[in-house]
Amino acid sequence: MRGTGFERVSFRSNTDFKINDRISIGQTLTLAYSDRDNEPFSGGRSQIEHIVKQVPYIPVRDASRLGGFRSPDRVDGSDPENPVLNAELRTNRQQDFKILGTGYIDVDIYDGLSYKFLVGLDIGLGTQDQYTPRFDAGDFNFQPFASIQQNRSTFVSPLISNQLSYSKTFGDHSIDALAVLEQQTFKQTGLQGSGQNFLTNDVRVLQGVQNQTTSGNQTEYALISYIGRINYDYAQKYLISASVRRDGGSRFGPANKWGTFPSLSLGWRISEEGFMQALPAVSDLKLRASYGETGNDRIGDYVYQGTINSNFFYNFAGSLQGGSTISSLANADLRWETTIMRNIGLDLGLFNDRFSLSAEWFDNTTEGMILGVPIPPSLGYDGAPVANVGNVSNRGLEFTAGYRKYSGAFQFSVDGNIGFVNNELTSLGTGNTIFGPGFQGDQMTFTEEGQPIAYFYGWQTDGIFQQGEDTSMQPNASPGDIRFVDVNGDGTISDADRTFLGHYLPDFTYGVNFSANYKNFDLNVFMQGVQGNEIFNLLRFHTEGMTRLFNAGTQVLDRWTPERPDTDIPRAVSGDPNRNARASSRWIEDGSYFRIKNLSLGYTIPGAALESFSRGTISSLRLYLSSQNLLTLTNYSGYDPEIAVRTGVDSTLGTGIDYGQFPAARTLMAGVQLTF
Amino acid sequence: MKTKYISMFIALFVGMVSCDEEKLEPVNPNQLGIETFYRSGPQLEAAVNSVYAGLQANNLYNREYFFLQDLLSDDCDTGGPQLEAPRAQVLNHVFDASNPLVTANWRGWFRVVHRANLVLENADKAVEEITDGLRNRILGEAYFLRALANFELVSLWGPIPLMTSSAESPDGLPRTSEGEVYQTIFADLGEAISRLPLKSEYASEDIGRATRGAAQALAAKVHLFRGNFAEARPFLEAVINSNEYALVDRYLDNFEAENENNSESVWEVQFSEEFGNAGGWNADGSNIAEVTFRGQEYGPTAWRNVIPSISLVEAYETVENGAEKDDPRGRYTFFRIGDTYNNGQSVLTADKVQGATDRPSWRKYQAIYKRENEDTNSGINFRVIRYADVLLMMAEVENETSGPAAALPYINQVRARADVDMPPYPTAQYPTDSREEMRLAIMHERRVELAGEQIRNRDIRRWRRQGTLPSEPIPAFQSRNDVLPIPLVEIDNNSALSNADQNSGY
């Protein structure tokens, strides 16, 4: 996409040095640099939104206007920004430099007992430079000054880890134990400056600018962990592993800093038993079961603390005075989110593992799920508290099967997997149901006990009112408007008629990986898909909603008129009195797809030919063609059924909503791989 | 030897890992903690300043407040299809509980209540750099602002969750009866009146803060809204007899940036274009949010989302419709094609105006009187209560409690403004022999004097409830529209409310 780009360079070095029989030391070092041109996001709209809303009858470029671009004017009655202008004039360059280094000393103390001391340091330096020159593309898309914003950030994260381990085999018994004490801290500081230059486009730094602002921020985070683990097996037949970790996190309330997370797993390799030797075809058979708890502290820093927000101002008699208030509701009771994972699995290998099969049942329960809880506006807070809101269960089955043939001229392997998950919110601790992201005053998802989390919520449509039909249930409706379903049967369409419209989680997901070699040819294909999920296609609100004078999709040419009653697109009417564009099943679509995710086909020049051709200077030469996202089969009408969560939308409550996020690119690549 | 070796390493291990658990108790370096704030006079003053900042928010006077009030009244028509659907739905009275304007105003006023509550409940903690006088004034400001917000809420939504302290849990409160909300409003205004200084008693750097006169005028407005004319009288008399206020000679001095906080001004929301428009889009008024979008939203050469309604334009007295002279306030309130703007340097031509150019556009509160283009950077204050409104309220009180003759001096004072100079009532069009006739004159005078000032909506509502409207001025009005729907986001997230608590008809 125009206006975006990404470049990365990295360097890695690892060394190990054995001082004597007992002591070795080593280090790792990674240097990485990345340079990214971020997608412009101006006027609160994504580039895709600007693209679909742009009026189609004006030129993109106009040399007579400052900056060389043209956007709509007053007479167009519409204010989409020119997306090409955004891509070419608005630069937003993010450069990150990262150093990650560790050093360790490993001491073999005595007979399987060893000690490792490791220190690590993670350092990051970031600069972000945003610049937009003066331009005047239209009555609603101009900027009389060059805007300059420069952000600088640093983070430093030292890690100290002490590990004591013991490993020993006595006959058929082998034992492996580990104790770890670890502390990781993280400190991030940022400084932002911005200004406006009314005189020139040539200066791109904060010199000679007006309306200059600076701001800074700093956050610190710490995680302290005590970990103990023990593995034991008897003759590779009976396997047991147990561990416990105790984590202390700075992000939780004073009484809830610490969480304890035990785990236990058991395995039985049935194929090692004497009675199995009668079945030589079974090369591997293993039954396994495990129980484990893990903790999650992936939330913002300081969210449990109530703080004063001093970013308010009011001008009394023309001079600015500062204002301070408490704008977020804090939650001092915030504690670790714990996921309890249980699974039972069976692994089977046949004919020397040429066939492999595995089946697993799992039940993962998240307790005290951490979520930003929407609060009623009557409380007057703008920041919602983060809280442990309830328990969510993900139960399911997963099967994988594979076959490989590694002999003969034609060698191949094929692996397939399929997984079924059932998601349910089993209890809500706060007692309140939870609504997801808002859209035109409606809320698009709903979370309540006994249902999958964050299901799509709204009104169910039931065709279009034709002339002469009774609209008394919807007093603002006229012929051509959408009829909604009176779910509660009270004779009128109201907020109480909102209902389950679908869900982002698929009934099942599947994938197939196939790779093969024949003579000098090699082929690798990875295909995957999901089935039975829904997508909230909000982008269609822009292409079919007809609520404002923006460009629309060609679908609206089929809109209802008295002469064209047989359509599912409602009439075009100023002000949308029936709210045809509300959150409803109109925007919900089947999100199932099948996709060839990766495909690569290669040919390796035969050694002899290469030898004579290059006189031995090239040891191997491979030509290849590869593609990502080559083919997608789907009924979804949006750009891409594989949608990411939009920045700024809560990923727990707003997954599966297509706001016009950038679609995954289809790439085709031809290459040459040389080894000297 | 071996044992010694092992124990040495274990000792080392334990020694090196004595983790620093104090790191788990971080102090947020970016913001002050709640425990350490509200301790001094300047901190308490900053707390009350944030309440004012809430008024400037995009949810309220920056944008959504004037839209909601004007679209609910009969002052405006649509300027064309550029008027966004949720706004058109308000204008056409087909809005529901999801309407973003309704939600924004609800949110905006409750934010003001919350911030005022923080001032009221923490005022006693301030012990440094504070005098009793300063503490009293700050308390008075907070009481006034909370009363203003609760009046906006109860007058439009009926029973509301009555927040008398800042919330500590996310749960929410049920709706409180209108009577109890009004009781709290009058108690707050009583506190404000007893604590606030007169306008003239403020130091120049505090111009724009709530005054005793503002609290008294607001108390009168609330009584009038409920039809309690006798109760309104002492408050109006206090404002009038304070000698703090007088009409300005030039009508437009009330709607331009140069003559803000003038003698006619009783209470204004302050704006300024001096500080940039960085925070203009912030719903909560955070950051530097000192501008209003009013100019760009209504401007004849800008979006022109709404235009004055035909009934408003026709309400002005003209020679053509039988008056002795053309009411000059028509010219002051509207721009027509051919008018000059930008300090007389530009002429409004049809090609600069989108939509129906035979219909006038708004001039009041527009910034192009002094510049070529409107943008999001308008610094014109909203005159929420001005002295002309006080005089007309007094006329109404006199008419209802004493009779038309007693009302005449007040209503005619407004008409006698130097650059309005309309012949006094009674006139041929507006006789004032009876209370009913005087009512019509007052309704007329309020409409033309206060057009486009977010006053008409509540005037229509109270007259409708009191049964004194000669006819329904809003054809699309349905009985359910007497109150607005409780926003869906409130009902959905407030554990004390369910769909059954919604106002009937929504």
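Our structure's up above, just so we're on the same page.
Bear in mind that the values here come from a model prediction, so they are computed numbers and not experimental data.

Participant: Would you mind going over the overall build of chain B in detail, with residue names and values included?
Facilitator: Helix and strand content of chain B: 17 helices and nine strands. Across its three principal axes, chain B shows a C-alpha extent of roughly 120 × 50 × 50 Å. Sorting the 506 residues of chain B into buried and exposed places 63% on the buried side. Restricting to contacts in chain B with at least 6 residues of sequence separation, those with at least 24 account for 71%. Seen as two clouds, the 49 positive and the 74 negative side-chain charges of chain B have centres 2 Å apart.

Participant: How would you explain the packing of helix H3 (residues 64-72) of chain B against helix H5 (residues 100-122) of chain B if you had to name every residue and give the values?
Facilitator: Residues and elements named next belong to chain B. In contact at an axis separation of 9 Å, H3 and H5 are set at 125° when each is read in the N-to-C sense. Here H3 is positioned oblique relative to H5, judged by the angle of their axes. Crossing hand, H3 versus H5: left-handed. Mapping the contact onto sequence places Glu64, Tyr65, Phe67, Leu68 and Leu71 in H3 and Leu101, Val102, Ala104, Asn105 and Trp109 in H5. Here the residues of the contact of H3 with H5 sort into eight nonpolar, one polar and one charged.

Participant: Give a description of the sheet that holds strand S35 (residues 657-658) of chain A that names residues and reports values.
Facilitator: All names here are of chain A. Taking strand neighbours across the sheet as the criterion, the three strands line up as S32-S31-S35 in an open arrangement whose pairing is mixed. Taken across any chain shown, the strands that pair with only one partner, and hence form the sheet edges, are strand S32 (588-590) and S35. By the bridge criterion, two bridges tie strand S31 (residues 534-537) to S35 in an arrangement that is parallel. Bridging from a neighbouring strand, Asn537 pairs with Asp658 of S35.

Participant: Break down the interface of chain A and chain B for me, citing the residues and quoting the values.
Facilitator: The accessible area lost on association of the parts is a frequent measure of interface size. Taken residue by residue, the interface counts 87 residues in chain A and 97 residues in chain B. On the chain A side of the contact with chain B, A:Arg74, A:Tyr314 and A:Pro377 bury the most area, a combined 9% of that side's loss. Counting across the interface, chain A meets chain B through four salt bridges. A salt bridge links B:Asp492 to A:Arg498; the nearest nitrogen and oxygen atoms lie 2.9 Å apart. Taken together, the connections running from chain A to chain B amount to 24 residue pairs in polar contact (both at pLDDT 80 or more). The element that contributes the greatest number of residues to the side of chain A that touches chain B is strand S13 (residues 307-316) of chain A, accounting for nine residues. Tallied by class, the residues present in the side of chain A that touches chain B amount to 37 nonpolar, 38 polar and twelve charged. As defined by bridge partners, S13(A) adjoins strand S1 (residues 32-33) of chain B across two bridges and the pair is classed as antiparallel. Pairing of A:Ile308 across the sheet is with B:Leu32, part of S1(B).

Participant: An account of the pairing of strand S34 (residues 620-634) of chain A is needed here, citing residue identities and associated values.
Facilitator: Where strand S33 (residues 593-604) of chain A lies against S34(A), eleven bridges are found, and the strand directions are antiparallel. When the sheet's bridge partners are listed, A:Leu601 is paired in S34(A) with A:Leu625.

Participant: Now, about helix H13 (residues 387-401) of chain B: what can you tell me, with residues and values included?
Facilitator: Residue and element names in this part refer to chain B. In this model H13 runs 21 Å from its N-terminal to its C-terminal C-alpha over 15 residues, within 8% of the 21 Å that 1.5 Å per residue would give. Where burial is concerned, most of H13 is hidden: 14 out of the 15 residues are buried. Positive backbone phi, approximately 125°, marks Gly403, located one or two places after H13.

Participant: Tell me about the environment of A:Ser393, residues and numbers included.
Facilitator: Residues and elements named next belong to chain A. Here Ser393 is to be found in strand S19 (residues 390-405). C-alpha separation for the pair Ser393 and Gln188, spaced 205 residues apart in sequence, amounts to 35 Å. Contacts of Ser393, omitting those with residues within four sequence positions, involve Asp363, Asn364, Thr365, Asn422, Asn423, Glu424 and Thr426.

Participant: If you had to explain unusual backbone geometry to someone new, which residues and values would you point to?
Facilitator: The residue after B:Tyr425, namely B:Pro426, is reached through a cis peptide bond having omega 0°. Within the secondary structure, B:Pro426 is located in the loop between helix H14 (404-415) and helix H15 (435-449). One non-glycine residue, A:Asn211, adopts positive backbone phi at about 45°. Relative to the elements of secondary structure, A:Asn211 occurs in strand S9 (residues 210-234). The backbone of A:Asn629 shows a phi angle near 55°, a positive value even though the residue is not glycine. With respect to the secondary-structure elements, A:Asn629 resides in strand S34.

Participant: Now, about the pattern of salt bridges: what can you tell me, with residues and values included?
Facilitator: According to the stated counting rule, one finds 77 salt bridges over all chains in the structure shown. The shortest N-O distance in the salt bridge between A:Arg342 and A:Asp363 comes to 3.9 Å. With A:Arg342 in strand S15 (residues 337-350) and A:Asp363 in strand S16 (residues 355-367), this residue pair connects regions lying 21 residues apart in the sequence. Accessibility expressed as a relative area gives 31% for A:Arg342, which makes it partly exposed. Note on A:Asp363: relative accessible area 9%, which makes it buried. Between A:Arg395 and A:Asp363 there is a salt bridge, and its shortest N-O distance comes to 3.4 Å. A residue pair is termed long-range when its members are at least 10 positions apart, and A:Arg395 in strand S19 and A:Asp363 in strand S16 qualify at 32 residues. Here A:Arg395 falls in the partly exposed class, since its relative accessible area comes to 36%. Each of B:Glu264, B:Glu317, B:Asp327, B:Arg329, B:Lys364, B:Arg386, B:Arg415, B:Arg417, B:Glu445, B:Glu449 and B:Glu453 takes part in one network of salt bridges that share partners.

Participant: So, the nonpolar core: which residues are in play, and what are the values?
Facilitator: Ranked by size, the top nonpolar core spans 139 residues in total, and within it B:Leu55, B:Tyr61, B:Trp109, B:Phe144, B:Trp267 and B:Val390 carry the most contacts. Take this core: its biggest share by element is 15 residues, from helix H6 (residues 132-157) of chain B. By size, the runner-up hydrophobic cluster in this structure holds 27 residues, among which are A:Val389, A:Phe439, A:Tyr504 and A:Ile657.

Participant: Outline helix H8 (residues 212-225) of chain B, listing residues and values.
Facilitator: In this model, H8(B) (14 residues) spans 20 Å end to end at C-alpha, consistent with the 20 Å of a helix rising 1.5 Å per residue. Positive phi appears at B:Gly227, one or two residues downstream of H8(B), with a value of about 80°.

Participant: A description of the sheet that holds strand S28 (residues 499-502) of chain A should follow, citing residues and the corresponding values.
Facilitator: All names here are of chain A. Pairing is antiparallel across the open sheet formed by four strands, whose spatial order is S21-S24-S25-S28. Among the strands making up the open sheet, the edge pair consists of strand S21 (434-435) and S28. Alignment of strand S24 (residues 445-447) against strand S25 (residues 455-458), held across two bridges, turns out to be antiparallel. Note on S25: the bridge partner recorded for Phe446 is Tyr455.

Participant: Give a description of the side chain of B:Ser346 that names residues and reports values.
Facilitator: Residues and elements named next belong to chain B. Here Ser346 shows up in strand S7 (residues 346-347). Within the structure, the side chain of Ser346 is placed 2.5 Å from the side chain of Glu372, a separation counted as a polar contact. Residues contacting Ser346, with those up to four places away along its chain left out, are Asp339, Thr340, Tyr341, Lys352 and Glu372.

Participant: Explain a nonpolar patch on the surface to me, and be specific about the residues and the numbers.
Facilitator: Residues and elements named next belong to chain A. On the surface, a cluster of nonpolar side chains totalling about 880 Å² of accessible area is made up of Tyr238, Trp268, Phe275, Leu287, Ile344, Leu346, Trp361, Leu397, Phe399 and Phe420. Secondary structure elements with two or more residues in the nonpolar patch: S15 and S19. Summarising the element assignment, Phe399 is placed in strand S19. We classify Phe399 as partly exposed; its relative accessible area is 36%.

Participant: Give a detailed account of the packing of aromatic side chains, specifying residues and quantitative values.
Facilitator: Each aromatic ring pair is characterised by the separation of its centres together with the angle its planes make. Under the criterion given, the structure shown has 55 aromatic pairs over all chains. With centroids separated by 6.1 Å and ring planes inclined at 75°, the aromatic side chains of B:Phe271 and B:Phe382 adopt a geometry described as edge-to-face. Taken together, the residues B:Phe271 in the loop between strand S3 (265-269) and helix H10 (294-298) and B:Phe382 in strand S9 (residues 382-386) connect sequence positions 111 residues apart. For the pair shown, B:Phe271 and B:Phe382 are each scored as buried. An aromatic cluster is built from B:Tyr61, B:Tyr65, B:Phe66, B:Phe67, B:Trp109, B:Tyr251, B:Phe255, B:Phe271, B:Tyr298, B:Tyr332, B:Tyr365 and B:Phe382, whose rings are joined through pairwise contacts. When the ring centre of A:Phe484 is taken as reference, the NZ or CZ atom of A:Arg582 above it lies at 4.2 Å. Cation over ring: B:Arg415 sits above B:Tyr425, and NZ or CZ is 4.0 Å from the ring centre.

Calculation notes
Residues numbered from 1 in each chain as written. Chains lettered and ligands numbered in written order. Predicted model: local features only at pLDDT ≥ 70, side-chain atom pairs only at ≥ 80, totals over all residues. Heavy atoms only, no water. Helix = DSSP H or I, 4+ residues; strand = E, 2+ residues; numbered from the N terminus. Buried < 20%, exposed > 50% of the residue type's maximum accessible area, 1.4 Å probe, protein only. Contact = heavy atoms within 4.5 Å. Lys, Arg positive; Asp, Glu negative; His and termini not counted. Charge placed at Lys NZ, Arg CZ, Asp CG, Glu CD. Axes fitted to C-alpha atoms, helices over the stretch in contact; angles between N-to-C directions. Parallel < 35°, antiparallel > 145°, perpendicular 65-115°, else oblique. Left-handed = near helix turned anticlockwise from the far one by under 90°. Nonpolar A, V, L, I, M, F, W, Y, C, P; charged D, E, K, R; others polar. Pairing = 2+ DSSP bridges. Buried area = accessible area lost by both parts, 1.4 Å probe. Salt bridge = Lys/Arg side-chain N within 4 Å of Asp/Glu carboxyl O. Polar contact = N/O pair within 3.5 Å; in protein donor to acceptor, adjacent residues only side chain to side chain. Expected span 1.5 Å × (residues − 1). Core = buried A, V, L, I, M, F, W, Y, C linked by side-chain atoms within 4.5 Å. Patch = residues over 30% accessible without salt bridge, like charges linked within 9 Å, V, L, I, M, F, W, Y side chains within 5 Å. Areas by Shrake-Rupley, 256 points an atom, 1.4 Å probe, with all protein chains shown as cover. Phe/Tyr/Trp six-rings, centres within 6.5 Å; stacked < 30°, edge-to-face > 60°. Lys NZ or Arg CZ within 6 Å of the ring centre and 35° of its normal.

Fair warning: the whole summary comes from geometry, so function is off the table for now.
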